[in-house]
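Descriptive structure summary
The primary structure of each chain is shown beneath.
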Amino acid sequence: MKNHFKLLTFSVLFFFLTNLFADFKFIGTHEPIPENIRKQMIGTTWKKSCPVSLDQLSYVRVSYWGFDNKPHVGELILNKVVAESAIDVFKQIYQIRFPIESMKLRSCYFKHPNDSSKKDNSSAFNYRKDDQTPTQLSLHSYGIAIDINPFYNPAPVAGGKVDPEGAAKYLNRNIDHKGMIKQNSQVFHIMTKHGWAWGQYFKKGADPMHFEKIVTRQYIIKSYEYFPNSWGLNDAM
C-alpha cells in the first residue's frame, strides 16, 4: 500500500511538472497575414503607398517573458525575408528570460488607443516616416526593423523630442531597469550575431530600442561581430 502510494505521488508530480514545463515551451511561428488582421492593418499601419505589399509580410507569433515573470505569446508583422531570423533571435531571448513588457500588433492600438501597454510595446512593421529623419521612410515601413521595450530604451527624435513621450529619464543609459538593452548585453549579442544592426550606434542619433536587418537586392546580412571602435573613424562613418 505504501509503495503504491509513493508510485501514485510520483506519477502525479511527474504529470504536473511535465505539463508545467510544456506551458513554458517556446512558440515561434510565421504565416501569411490572416484576413482579419489584414483588415485591421489597411488604412492604419499599412496603406496603398506602402513600399511593400501585404503579401510580402508575415504574421509572426513568438513566446516572451513578461515583466510579470510569466511566459506570454506576442505578435509581430515582419517582412517574409526576415521572419525566420526574428523567430531565431526571440527564441534565444526567451531562453535567457529577458523581460519584454508587451508585444502586440501596432494596428490594434487604433481600435484601443487608450491601452496602457502602448507606451512600452515591442513591435515591428509600421508604415511611417523615420522619427529621426522625417524626410525618409522608416525601415519599419519595410518590415525589417524591430523595436524592443521602447519606453526603457528611448530615442531622441526630430524637434528635440523623445520617443516615447515621458521616457526621457531613460536616455541616461547608466540607469538600470528591467528591459533595458545595453552594449555587450546578452540581447545585444543575440541580435547582432544574427545580423540585426543596433540603433544605439546610429550616427543620426542613438536609438537603443531599435534593431534592423540589412537587406539589399542581392544580400541579407546574416551576422555581425562587434568590435569597439578603436580606429578613429567616428566622424567619417
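Presented here is a report on the structure given in the accompanying data block. Within each chain, residues carry numbers counting from 1 in the order of the written sequence. Totals for whole chains, interfaces and linings use every residue, but because this is a predicted model, local features are given only for residues with pLDDT of at least 70 and side-chain atom pairs only at 80 or more, for both listing and counting. Values shown for side chains rest on all heavy atoms present in the structure; no hydrogens or waters enter the calculation.

Let us look at the nonpolar core. Here, the term nonpolar core denotes a set of buried Ala, Val, Leu, Ile, Met, Phe, Trp, Tyr and Cys residues that are joined through side-chain atoms within 4.5 Å. Here the term buried applies to any residue with accessible area under 20% of the maximum for its type, exposed to any over 50%, and partly exposed to those in between, with areas from a 1.4 Å probe on protein chains only. Ranked by size, the top nonpolar core spans 30 residues in total, and within it Leu78, Phe90, Ile93, Ile100, Ile146, Ile148 and Trp196 carry the most contacts. Working definition: helices are DSSP H or I runs of at least four residues, strands are E runs of at least two. Numbering for both runs from the N terminus. Considering every element that reaches this core, the biggest residue donor is helix 3 (residues 80-95), with 8 residues. Throughout, a contact is declared for two residues whenever any of their heavy atoms are within 4.5 Å. Contact partners of isoleucine 148, with chain neighbours within four places excluded, come to Phe90, Phe98, Ile100, Ser122, Asn153, Ile181, Met209 and Phe211.

Quick look at the pattern of salt bridges now. Salt bridges, as used here, are contacts in which a Lys or Arg side-chain nitrogen is within 4 Å of a carboxyl oxygen on Asp or Glu. Inspection of the entire model under this criterion finds 2 salt bridges. Measuring nitrogen to oxygen at the nearest pair gives 2.5 Å for the salt bridge that ties aspartate 55 to arginine 38. A residue pair is termed long-range when its members are at least 10 positions apart, and aspartate 55 in the loop between helix 2 (35-41) and strand 2 (57-65) and arginine 38 in helix 2 qualify at 17 residues. Overall, the relative accessible area of 49% leaves aspartate 55 in the partly exposed class. Classification of arginine 38 as buried rests on a relative accessible area of 18%.

Turning next to the packing of aromatic side chains. When we look at a pair of aromatic rings, we describe it by the centre distance and by the angle of the planes. Working definition: rings of Phe, Tyr and Trp (its six-membered ring) pair if their centres are within 6.5 Å, and the pair is stacked with planes under 30 degrees apart, edge-to-face with planes over 60 apart, and tilted otherwise. Summed over all chains, the structure comprises 11 aromatic pairs. Judged by centre distance (5.3 Å) and plane angle (20°), the rings of tryptophan 65 and tyrosine 94 are stacked. Remark: tyrosine 94 occurs in helix 3 and tryptophan 65 occurs in strand 2; sequence separation between them is 29 residues. Residue tyrosine 94 is classed as buried on the basis of its relative accessible area, which comes to 7%.

Considering the arrangement of structural elements, one finds glycine 166 in the loop between strand 6 (161-163) and helix 5 (186-193). On the basis of relative accessibility, which here comes to 65%, the residue glycine 166 falls in the exposed class. Sequence separation of glycine 166 and proline 154 is 12 residues, and the distance between their C-alpha atoms is 9.4 Å.

All right, on to the sheet that holds strand 4 (residues 145-147) then. If DSSP finds at least two bridges between two strands, the strands pair. Read across the sheet, 3 strands follow the order 4-8-7 without closing on themselves; strand pairing throughout is antiparallel. Two strands lie at the open edges of the sheet, namely strand 4 and strand 7 (196-198), each paired on one side alone. Averaged over all neighbouring strand pairs, the angle between strand axes comes to 25°, with direction disregarded. Where strand 7 meets strand 8 (residues 210-213), 3 bridges bridge the pair, whose relative direction is antiparallel. Only the stretch in contact is used when a helix axis is fitted, and all axes are lines through C-alpha atoms; the angle between N-to-C directions ranges over 0 to 180 degrees.

With that settled, consider the layout of surface pockets. Of the grid points, spaced at 1 Å and generated over the protein atoms alone, those admitting a 1.4 Å probe that cannot get out make up cavities, while open sets with protein on both sides within 12 Å along at least five of seven lines make up pockets; any residue with an atom within 4 Å of a point is treated as lining. Grid points are joined across faces, edges and corners, and a volume is the space filled by probe spheres set on the points. Volume-wise, the second largest pocket comes out at about 540 Å³. Basically, the charged four are Asp, Glu, Lys and Arg, the nonpolar ten are Ala, Val, Leu, Ile, Met, Phe, Trp, Tyr, Cys and Pro, and anything else, Gly included, counts as polar. When grouped by side-chain class, the residues that make up the lining of the second largest pocket number 6 nonpolar, 4 polar and 8 charged.

Attention now goes to helix 3. In this model helix 3 runs 24 Å from its N-terminal to its C-terminal C-alpha over 16 residues, within 8% of the 22 Å that 1.5 Å per residue would give. Regarding helix 3, the residues found buried are Val82, Ala83, Ser85, Ala86, Ile87, Val89, Phe90, Ile93 and Tyr94. Positioned one or two residues after helix 3, arginine 97 has a phi angle of 60°, which is positive. For a helix, the expected span equals 1.5 Å multiplied by the residue count minus one.

We now examine helix 5. Here helix 5 has its buried residues at Val187, Phe188, Ile190, Met191 and Thr192. Taken together, the buried residues of helix 5 touch helix 3, strand 7 and strand 8. A positive backbone phi angle near 85° is found at glycine 195, which sits one or two residues after helix 5.

Where helix 3 meets helix 5, the axes come as close as 9 Å, and the angle between the chain directions of the two elements is 160°. It follows that helix 3 is roughly antiparallel to helix 5 by the angle criterion. As for how helix 3 packs across helix 5, the hand of that crossing is right-handed. Across the interface between the two elements, Val89, Gln92 and Ile93 of helix 3 pack against Val187, Ile190 and Met191 of helix 5. Tallied by class, the residues present in the contact of helix 3 with helix 5 amount to 5 nonpolar, 1 polar and no charged. Throughout, the term roughly parallel applies to angles under 35 degrees, roughly antiparallel to angles over 145, roughly perpendicular to angles from 65 to 115, and oblique to all others. Less than a right angle of anticlockwise turn of the near helix away from the far helix marks a crossing as left-handed, whereas a clockwise turn marks it as right-handed.

A few words now on empty space enclosed by the protein. By the definition in use, this model includes 1 cavity of 30 Å³ or more. Roughly 70 Å³ of internal volume is contained in the largest cavity. Sorting elements by how many residues they give to the lining of the largest cavity places strand 3 (residues 71-79) first, with 3 residues. Tallied by class, the residues present in the lining of the largest cavity amount to 6 nonpolar, 3 polar and 3 charged.

Moving on, we come to the environment of lysine 104. Following the sequence through the fold, lysine 104 ends up in the loop between helix 3 and helix 4 (108-111). For lysine 104, a relative accessible area of 31% corresponds to the partly exposed category. On a C-alpha basis, the gap between lysine 104 and serine 117 in space is 8.6 Å, while along the polypeptide they are 13 residues apart. Not counting residues within four places of it along the chain, the set of residues in contact with lysine 104 comprises Glu75, Tyr109, Asp115, Ser117, Asn121, Ser122 and Ser123. In terms of polar contacts, lysine 104 uses its side chain to reach the side chain of serine 117, at 3.3 Å. Definition of a polar contact: a pair of N or O atoms within 3.5 Å, with one able to donate and the other able to accept a hydrogen when the atoms are protein atoms, and with sequence-neighbouring residues admitted only if both atoms are side-chain atoms.

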